[in-house]
Amino acid sequence: MIRNVHSRVIAADAQSVGRLLDTLATDDDRLWPVDQWPAMRFDRPLGVDASGGHGPIRYTCVKYVPGREVRFRFRRPLGFDGTHGFVVEEVDATHSRLTHELVMRTHGKDRLAWPLVWRWLHDALLEDSLDLAETALVPGTPPRSFHSGYVRFLRARVHSAEVRKEFAG
């Protein structure tokens, strides 16, 4: 079982952080780092049964509590069996915790692909997302994330594969 958690306490109230969560996968997405990663897109507005994903990762929304929580169930890669999502929690009147949790089992080739490829990309993307949330609510906060040479290499490879797939038909 894989449990991967990224969490950040942000100097902002839970309502403000929740408003960022509610922009997920919209044209005004202020939580997903679309300037650095494939955008999260769905076949309908964010809500239960919305289907889509980002890049080659596909999932369906299985829980949505506006301003508080969103959870998705993986559909692709086929070797991913589990969920991922964001939760907003109030720490106190002026601080909130934004957490992304992935819980899954891997099967087939993805038992190897997760630790070698996907985990690295996932971790970098989520840290970029938490940076984006924090800088949106606390202007002037410097980003904390850093992309290693390996992450930059993997991003280039996955992007090239996606471009080839898109032009192949």
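Note that this is a predicted model, so its numbers are computed, not measured.

Observations concerning unusual backbone geometry
The amide bond that connects R76 to the next residue, P77, takes the cis arrangement and shows omega of 0°. At A25, a residue that is not glycine, the phi angle is positive and equals roughly 70°. Tracing the chain through its elements places A25 in the loop between helix 1 (14-21) and strand 2 (41-42). Notably, D49 is not glycine yet its phi reads approximately 80°, a positive angle.

Concerning the sheet that holds strand 5 (residues 69-76)
Reading across the sheet, the 7 strands line up as 1-7-6-5-4-3-2 and stay open at both edges, with antiparallel pairing between neighbours. Of all the strands in the sheet, the pair left with one neighbour each is strand 1 (2-10) and strand 2. Sitting on the sheet, helix 1 is in contact with strand 5, strand 6 (80-92) and strand 7 (95-106), with an inclination near 150° to strand 6.

Some details on the nonpolar core
Among the nonpolar cores identified, the biggest contains 39 residues, and L24, F72, F86 and L98 are the most heavily contacted of them. Among the elements that line this core, the one with the most residues is helix 2 (residues 110-137), at 9 residues. Sequence-distant contacts of F86, that is, excluding residues within four places in its chain, are made with L21, L24, L31, W32, R68, E69, V70, L98, T99, H100, L126 and S129.

Regarding the pattern of salt bridges
By the definition in use, this model includes 9 salt bridges. The shortest N-O distance in the salt bridge between E127 and R8 comes to 3.1 Å. Remark: R8 occurs in strand 1 and E127 occurs in helix 2; sequence separation between them is 119 residues. The class of R8 is buried, set by a relative accessible area of 3%. Between D131 and R8 there is a salt bridge, and its shortest N-O distance comes to 2.9 Å.

Quick look at a nonpolar patch on the surface
On the surface, L112, L116, W120, Y150 and F153 cluster together into a nonpolar patch covering about 490 Å² of accessible area. Listed by contribution, the elements that provide at least two residues to the nonpolar patch are helix 2 and helix 3 (149-168). With respect to the secondary-structure elements, L112 resides in helix 2. With a relative accessible area of 56%, L112 lands in the exposed category.

Some points on the side chain of H122
Structurally, the position occupied by H122 is in helix 2. Of the polar contacts made by the side chain of H122, one reaches the side chain of N4; its length is 3.1 Å.

Side note on the environment of A11
Tracing the sequence through the fold places A11 in the loop between strand 1 and helix 1. Given a relative accessible area of 44%, A11 falls into the partly exposed group. Sequence separation between A11 and A50 is 39 residues, and the spatial gap between their C-alpha atoms is 31 Å. Ignoring any residue separated from it by four or fewer positions in sequence, one finds A11 in contact with T94, H95 and V138.

Describing the environment of L20
On the secondary structure map, L20 appears in helix 1. For L20 and V88, which are 68 residues apart along the polypeptide, the C-alpha to C-alpha distance reads 9.9 Å. Excluding residues that lie within four positions of it along the chain, L20 makes contacts with R30, L31, A133, A136 and L137.

Some thoughts on the pairing of strand 7
As paired elements, strand 1 and strand 7 share 9 bridges and run antiparallel to each other. When the sheet's bridge partners are listed, N4 is paired in strand 7 with L102. The hairpin formed by strand 6 and strand 7 contains 2 residues between the paired strands.

Cut-off values and rules
- Sequence order sets the numbering: in each chain, residues are counted from 1 along the sequence as written.
- Given that this is a predicted model, residues contribute local features only at a pLDDT of at least 70 and side-chain atom pairs are listed and counted only at 80 or more, while totals for whole chains, interfaces and linings are drawn from all residues.
- Each side-chain value is derived from all of the structure's non-hydrogen atoms; neither hydrogens nor water enter the calculation.
- Helical segments are the DSSP runs of H or I of at least four residues, strand segments are the runs of E of at least two, and each set is numbered from the N terminus.
- Think of it this way: DSSP has to see at least two bridges between two strands before they count as a pair.
- Contacts were defined at the residue level, with two residues in contact if any of their heavy atoms lie within 4.5 Å.
- Only the stretch in contact is used when fitting a helix axis, every axis being a line fitted to C-alpha atoms; angles between N-to-C directions are given from 0 to 180 degrees.
- Buried Ala, Val, Leu, Ile, Met, Phe, Trp, Tyr and Cys residues form a nonpolar core when they are joined through side-chain atoms within 4.5 Å.
- Each residue gets one of three labels from its accessible area relative to the maximum for its type: buried under 20%, exposed over 50%, partly exposed in between, using a 1.4 Å probe on protein chains only.
- Any Lys or Arg side-chain nitrogen found within 4 Å of a carboxyl oxygen on Asp or Glu counts as a salt bridge.
- Only residues whose relative accessible area exceeds 30% and that take part in no salt bridge are eligible for patches, with like-charged residues grouped when within 9 Å of each other and nonpolar side chains (Val, Leu, Ile, Met, Phe, Trp, Tyr) grouped when within 5 Å.
- Calculation of accessible area relied on Shrake-Rupley with a 1.4 Å probe; when residues are assessed, cover is drawn exclusively from the protein chains displayed.
- Polar contacts, as used here, are pairs of N or O atoms within 3.5 Å; protein pairs need one atom able to donate a hydrogen and one able to accept it. Residues neighboring in sequence count only if both atoms are side-chain atoms.

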